[in-house]
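# Observations on chain architecture
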Amino acid sequence: SLIVSIGLGLSFLVLHLPVLWFLPAFVASIDVFRLLTVSIVFSSLSILPGYYLMAIDRQNWLVPLGLAAVAFNYLVGLATIRAGMGLPGVAGAAATGLFLHCTCVLVICGRYARGSAAAALRWVAETYLPVAYVAAAVAAIRLGVPRTPLGAWTETARAGAEGTLFLLVSLPLLVLFERRT
């Protein structure tokens with residue numbers, strides 16, 4: 001979860017640049033792309049635990065969880081549309097749904113792998129800790145830099161500075177990853 005979190009945190013900060021450079025008519029879609037990037041974090045984190053559940057013949061959990069996630073995304077997405085939130089609301093609902101799905105898969109997997117519910121919850125917290133750290137770093141960087149309309153090249157410089165700052169702030173995670181491997 002360390003490398004995935006760092007990679008997606010960095011992409012969250014610089015994802016808008018290709019849209020600014022090559023598709024300026026679609027600048028309004030940048031926030032939706034960013035919310036979908038958050039979804040990718042949780043989707044990525046649930047893949048290997050899902051395979052683990054299949055390997056130990058406990059895949060019967062995956063179908064009901066998947067159906068519940070689809071139902072959640074549909075119902076909450078529909079509610080956000082009715083509330084006037086549009087595509088950003090649907091993307092936020094998808095991110096929330098994937099977070100809940102990932103958390104359930106991790107808890108179930110952790111219960112089988114770690115032997116107890118308490119150990120499973122500790123493992124889920126350890127898995128989400130880098131995600132929370134990266135989210136806090138991205139939020140601090142995004143909130144710390146005033147947002148004003150800029151030209152594509154000025155925005156490129158700002159995104160480069162934000163990306164560099166993010167990588168510096170992420171160094172503790174990279175050190176932790178190196179120590180664990």
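What you are looking at is a predicted structure, and each value in this text was computed from that prediction instead of being measured. (Residues numbered from 1 in each chain as written. Predicted model: local features only at pLDDT ≥ 70, side-chain atom pairs only at ≥ 80, totals over all residues. Heavy atoms only, no water.)

## Concerning helix 6 (residues 117-144)
Compared with an ideal rise of 1.5 Å per residue, which puts 28 residues at 40 Å, helix 6 spans 39 Å between its outermost C-alpha atoms and is within 8% of the ideal. Along helix 6, the largest kink reaches about 35 degrees and is centred on Tyr-128; proline Pro-130 follows within four residues of it. (Helix = DSSP H or I, 4+ residues; strand = E, 2+ residues; numbered from the N terminus. Expected span 1.5 Å × (residues − 1). Bend = angle between axes of the 7 residues up to and from the residue.)

## Thoughts on the packing of helix 5 (residues 86-114) against helix 6
The contact between helix 5 and helix 6 brings their axes to 8 Å, and the two run at 130 degrees. It follows that helix 5 is oblique to helix 6 by the angle criterion. The interaxial crossing formed by helix 5 with helix 6 has right-handed handedness. The residues of helix 6 that touch helix 5, namely those facing Phe-99, Cys-102, Thr-103, Leu-106, Val-107, Cys-109, Gly-110, Arg-111 and Arg-114, are Ala-117, Ala-119, Ala-120, Leu-121, Trp-123, Val-124, Thr-127 and Tyr-128. (Axes fitted to C-alpha atoms, helices over the stretch in contact; angles between N-to-C directions. Parallel < 35°, antiparallel > 145°, perpendicular 65-115°, else oblique. Left-handed = near helix turned anticlockwise from the far one by under 90°. Contact = heavy atoms within 4.5 Å.)

## With respect to the confidence of the model for the protein
Of the residues in the protein, 92% have a pLDDT of 70 or more, and the chain-wide mean is 86. Put simply, helix 7 (residues 152-180) is where the protein has its lowest mean pLDDT, 80, and helix 4 (residues 62-82) is where it has its highest, 94. (pLDDT = per-residue confidence, 0-100.)

## Details of unusual backbone geometry
Phi at Asp-57 takes a positive value of approximately 65 degrees, unusual for a residue other than glycine. Here Asp-57 shows up in the loop between helix 3 (30-55) and helix 4. Taking the relative accessible area as the measure of exposure, Asp-57 reaches 51% and is therefore exposed. (Buried < 20%, exposed > 50% of the residue type's maximum accessible area, 1.4 Å probe, protein only.)

## Considerations on the state of the cysteines
Here a disulfide denotes a covalent bond joining the sulfur atom of one cysteine to the sulfur atom of another. A full pass over the atoms with the stated rule returns zero disulfides. Of the cysteine sulfurs around Cys-102, a residue in no disulfide, the closest is that of Cys-104, at 9.3 Å. (Disulfide = S-S within 2.5 Å.)

## Things to note about the packing of aromatic side chains
Overall, the coordinates contain four aromatic pairs when judged by the stated rule. Plain terms: the ring middles of Trp-21 and Phe-22 are 6.1 Å apart, the flat faces sit at 85 degrees to each other, and that makes the pair edge-to-face. Grouping aromatic residues by their ring pairs yields a cluster made of Phe-42, Phe-99 and Tyr-128. The side chain of Arg-34 reaches across the aromatic face of Phe-12, ending 5.5 Å from its centre. (Phe/Tyr/Trp six-rings, centres within 6.5 Å; stacked < 30°, edge-to-face > 60°. Lys NZ or Arg CZ within 6 Å of the ring centre and 35° of its normal.)

## So, a nonpolar patch on the surface
On the surface, a nonpolar cluster with roughly 340 Å² of combined accessible area is contributed by Ile-3, Leu-168, Leu-171 and Leu-174. Ranked by the residues each element gives to the nonpolar patch, the list is headed by helix 7, at three residues. In this structure, Ile-3 sits in helix 1 (residues 2-14). (Patch = residues over 30% accessible without salt bridge, like charges linked within 9 Å, V, L, I, M, F, W, Y side chains within 5 Å. Areas by Shrake-Rupley, 256 points an atom, 1.4 Å probe, with all protein chains shown as cover. Salt bridge = Lys/Arg side-chain N within 4 Å of Asp/Glu carboxyl O.)

## Some words on the packing of helix 4 against helix 5
At their nearest, the axes of helix 4 and helix 5 sit 8 Å apart, and the two run at 155 degrees to each other. Here helix 5 runs roughly antiparallel to helix 4, going by the angle between their axes. Where helix 4 crosses over helix 5, the two elements pack in a sense that is right-handed. Listed contacts from helix 5 to Leu-62, Leu-65, Gly-66, Ala-69, Phe-72, Asn-73, Val-76, Gly-77, Thr-80 and Ile-81 of helix 4 are Gly-86, Gly-89, Val-90, Ala-93, Ala-94, Thr-96, Gly-97, Leu-100, His-101, Cys-104, Val-105 and Ile-108. Here the contact of helix 4 with helix 5 is built from residues that sort into 13 nonpolar, nine polar and no charged. (Nonpolar A, V, L, I, M, F, W, Y, C, P; charged D, E, K, R; others polar.)

## Thoughts on the environment of Gly-86
By the element assignment, Gly-86 lies in helix 5. Those residues in contact with Gly-86, other than ones at most four positions away along the chain, are Thr-80 and Ile-81.

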